[in-house]
Amino acid sequence: MISFNKYNFSNSKALIRVDFNVPLDDQFNITDDTRMKATLPTINKILGDGGAVILMSHLGRPKDGPVEKYSLKHLVVHLKNLLGSVNVAFANDCIGAEAIEKASSLKPGEVLLLENLRFYKEEEKGDKTFAEKLSKLGDVYVNDAFGTAHRAHASTAVIADFFASDNKMFGLLMEGEVISAEKVMHSAEKPFTAIIGGAKVSDKILIIENLLERATDIIIGGGMAYTFIKAKGGNIGNSLCEDDRLQTALEVLEKAKQKNVAIHLPETSTIADKFAADANTQDCPSDAIPSGWMGLDIGQKAVGVFSEVILKSQTILWNGPMGVFEMEKFQNGTKSIALAVAEATSKGAFSLVGGGDSVAAVNKFNLADKVSYVSTGGGAMLEYFEGKELPGIAAIKKA
Ligand code: AMP
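K.L.:
Sorry, what's going on with the sheet that holds strand 8 (residues 217–220) here?
P.N.:
As a general point, the strands of a sheet are linked pairwise by backbone hydrogen bonds and lie either parallel or antiparallel. One open sheet holds the six strands; their spatial order is 10-8-7-15-16-17, and the pairing between them is parallel. Of all strands in the sheet, those bounded by a partner on one side alone are strand 10 (262–264) and strand 17 (373–374). Summarising the sheet, strand 7 (residues 192–196) and strand 8 pair through four bridges and their orientation is parallel. Paired with Ile196 across the two strands is Ile220, which belongs to strand 8. Where helix 12 (residues 332–346) meets the sheet, its contacts fall on strand 7, strand 15 (315–319) and strand 16 (350–353), and the angle it forms with strand 15 comes to roughly 155°.

Here it is as structure tokens:
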């Protein structure tokens, strides 16, 4: 597999799959350009080498062909601003005569943005003919869209088959994601602690099962912890619980025992008399929550135990908040865990934070630059740690 930085793009046309699926307001203004900024190093390296760049992406979920709301033309002006004095052209269709003409007349140092790939149903279907048409637009394929790496779409996976192995590669953003994820998955230094939080056991069960094969410690927090605590016979009051997952929870605990993996559940919780920012709260053992009350955050004792585990770890994977961190009264657990992860990182641990809400949490507490890697690929990262092969990664690695 080719390393992006070692490739000289001089005089080549690089077709880059980016993730420009940015939020737009009613006036088509971009309200968060993080995803566009994240891929600038990849674009700039190619332009700096004297290559030309053809960008392709999806935007939103158009159901039936082109719609104004999901046109990538709304991104052109902002892209120009981000790139400085670079020519950015736009093709009103991602395939067809206009795209071919604009791609072939593109000069070194110039950028062409193609219209939304998902205006064609063939994109999500992974249609080969559509992928081949796209592939003809460039002579090198670069995948920089980790967020869609778990999809076997035409532009994220199928297209790679139309490029020789020395003409397809990850972009810098995707390379960073893959290197970090592989490090945790395949060469984690022990002790390896996985911190899994969030609302539901059912969403995280596959990741927990896979981590039972790899981690030394698994910390379980957030709403999902109460299903485990109830399964063990605790009283959880009105806390979140998936009654159809009680057996699953017991099986996980049993498997962990057999595999010598320590599962840490919160001994105490911050409980509330209603799910609201102005609820009355108190600290309480997590297995003795009175009826009418619910656990909305891990308690002080749990923060202490969890932090100790985190601080002795050499590798940390964090997905999902410890409580309802969106409300100030229930943010202490998530914030304390974020601080512990940051401290462990400063002492030499490798920490990977991924999944929408844990990323939002480290950003909220200004700790994103204090952890080793913040993954932008929510669903893709989750599937990777469930042990699945991601089509977007496999397609590039395939000879
Ligand atoms: P997830 O998307 O599964 O990672 O879940 C994240 C959501 O879980 C966040 O919006 C949190 O507010 C919510 N959450 C975390 N802890 C709890 C809890 N103890 N009770 C209810 N919701 C929770």
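We are not done yet, so read on.
K.L.:
Is there a simple way to think about the domain arrangement of the chain in this case?
P.N.:
Accessible area lost upon the coming together of the parts serves often as the stated size of an interface. On domain assignment, one finds that the chain holds domain 1 (4–174) and domain 2 (188–385). Using only C-alpha atoms to locate each centre, domain 1 and domain 2 end up separated by 37 Å. The partner domain 2 presents seven residues to the five residues of domain 1 that form the contact. Between domain 1 and domain 2 the total buried area reaches about 510 Å² when both faces are included, carbon and sulfur atoms providing 64% of it. Among the residues domain 1 hides against domain 2, the three largest losses belong to Phe146, His150 and Leu173. Together they make up 81% of the total. There are zero salt bridges connecting domain 1 and domain 2. Taken together, the connections running from domain 1 to domain 2 amount to zero residue pairs in polar contact (both at pLDDT 80 or more).

What counts, and where the lines are drawn
- Numbers given for residues are sequential positions, taken from 1 along each chain in its written order.
- Confidence filtering applies because this is a predicted model: local features only for residues at pLDDT of at least 70, side-chain atom pairs given and counted only at 80 or more, and all residues used for totals across whole chains, interfaces and linings.
- Side-chain calculation: all heavy atoms of the structure are included, whereas hydrogens and water are not.
- For two strands to count as paired, DSSP must find a minimum of two bridges between them.
- Numbering of helices and strands runs from the N terminus, with a helix taken as a DSSP run of H or I at least four residues long and a strand as a DSSP run of E at least two residues long.
- Pairs of residues are marked as contacts when any of their non-hydrogen atoms sit within 4.5 Å.
- Fitting a line to C-alpha atoms yields each axis, with helices limited to the stretch in contact; the angle taken between N-to-C directions then spans 0 to 180 degrees.
- These domain boundaries are the output of an automatic or database domain assignment.
- A 1.4 Å probe defines the accessible area here, and the buried area is the portion of it lost by two parts on being joined, summed over both.
- Each reported salt bridge corresponds to a side-chain nitrogen of Lys or Arg within 4 Å of a carboxyl oxygen of Asp or Glu.
- Here a polar contact is recorded for every N or O atom pair within 3.5 Å, except that within protein the pair must consist of a potential hydrogen donor and a potential acceptor, and residues adjacent in sequence are included only if both atoms are side-chain atoms.

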